[in-house]
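Remarks on the overall topology
Below are the chains, spelled out letter by letter.
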Amino acid sequence: MTAGEKPLDGQVALVTGASRGIGRAIAARLGRMGARVALCSRNAQGLEAAATALRREGIEIFAQAADVTRAADVDALVRGVRAALGEIDILVNNAGIGIFGPAHELSEQDWDRILDTNLKGVFLVSRAVAPEMIRRRTGHIINISSLAGKNAFAGGGIYCASKWGLLGLTGCMAEDLRGYGIRVSAVCPGTVETDFSPHAGKDSKKMLQPDDVAHAVAMLVTQAPQSFISEVHLRPTQKP
Ligand code: NAD
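What comes next is a walk through the structure. (Residues numbered from 1 in each chain as written. Predicted model: local features only at pLDDT ≥ 70, side-chain atom pairs only at ≥ 80, totals over all residues. Heavy atoms only, no water.)

1. Focus: the packing of helix α3 (residues 71-85) against helix α4 (residues 108-136)
The interhelical angle for the contact between α3 and α4, taken along N-to-C directions, is 35°, at an axis separation of 9 Å. As for the relative orientation of α3 and α4, their crossing is right-handed in sense. Note on element contacts: α4 touches α3 through L124, V125, R127, A128, V129 and E132, opposite A71, V74, D75, V78 and R82. Grouping the constituent residues of the contact of α3 with α4 by class yields 7 nonpolar, no polar and 4 charged. (Axes fitted to C-alpha atoms, helices over the stretch in contact; angles between N-to-C directions. Helix = DSSP H or I, 4+ residues; strand = E, 2+ residues; numbered from the N terminus. Left-handed = near helix turned anticlockwise from the far one by under 90°. Contact = heavy atoms within 4.5 Å. Nonpolar A, V, L, I, M, F, W, Y, C, P; charged D, E, K, R; others polar.)

Right under this line is the structure:
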């Protein structure tokens, strides 16, 4: 992209979990590419701080607190985005949580929190957005999974299950929607330097940065309409 070029001019993007970390970087990138951007997260205060910073860059932002695990919040969010910015062209399902430890030591509540956020949340938001994309026969849905959705590791049990499941959901959604011109993709990053988890024992200087994930999303939404990359595996050059 050359300076001044805005390939997403006129488009509307919704990024979930955009108050910080990867979601915020994706929102900033799509906004700099010309999109009007809607942000949500559970935390109204953090969300407003992110919205203010992005507006300062000249990006048109709509922000609404919403918990993606609750259908009523999600429906209100999508109605709010439509009223404020217009029909959604790009949905990035990014909101996610991690709780780590051997699955046999975690609680039923841990299971529900992780699966509800990382998997049910994607179902709820996609279900709310897909009908208008089908009607308009265009759209991108990008789900932020993880290399933890491809690789097993000790202590990853419930998180890996959620991200593995998300890849299954993404692949099936892609098949359901491709005939309507809607492209559904997954991005699977390795460890990214955010406040998501302590990343014990990893060298932060070697980790992926939130902007690396934003770059992958930018690439997906600028592909010519006749093809789509269904899954991106993103690794740092040096192992952290
Ligand atoms: P983060 O904790 O910094 O940010 C997560 C965001 O999601 C926050 O804005 C939070 O408010 C929001 N969120 C959480 N639960 C929510 C809910 N129920 N409803 C609405 N918003 C909610 O995390 P991050 O590192 O930016 O992670 C973003 C995504 O990337 C997650 O899906 C995560 O699983 C995935 N991911 C992270 C890493 C990593 O190492 N950081 C690696 C691979 C994939």
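Here the narrative resumes.
2. Digging into the site of the ligand
Neighbouring the ligand are 29 residues; S19, R20, N94, Y159 and T194 lie closest to it. Here an oxygen atom of the ligand sits 2.8 Å away from a polar atom, N or O, in the side chain of S19. In the model, a nitrogen atom of the ligand is placed 3.4 Å from a nitrogen or oxygen of the R42 side chain. Its free accessible area being 830 Å², the ligand has 96% of it covered by the protein chains. For the shell around the ligand, a count of residues per class yields 11 nonpolar, 14 polar and 4 charged. (Near = heavy atom within 4 Å. Polar contact = N/O pair within 3.5 Å; in protein donor to acceptor, adjacent residues only side chain to side chain. Areas by Shrake-Rupley, 256 points an atom, 1.4 Å probe, with all protein chains shown as cover.)

3. So, the pattern of salt bridges
Enumeration over the complete set of coordinates arrives at 9 salt bridges. Here E87 makes a salt bridge to R82, at a shortest N to O gap of 3.8 Å. Under the relative-accessibility criterion, E87 is labelled partly exposed at 27%. We note a salt bridge from K150 to E231, for which the minimum N-O separation is 2.9 Å. Of this pair, K150 sits in the loop between β5 (139-144) and α5 (157-177) while E231 sits in strand β7 (residues 231-234), and the two are 81 residues apart along the sequence. Given a relative accessible area of 35%, K150 falls into the partly exposed group. (Salt bridge = Lys/Arg side-chain N within 4 Å of Asp/Glu carboxyl O. Buried < 20%, exposed > 50% of the residue type's maximum accessible area, 1.4 Å probe, protein only.)

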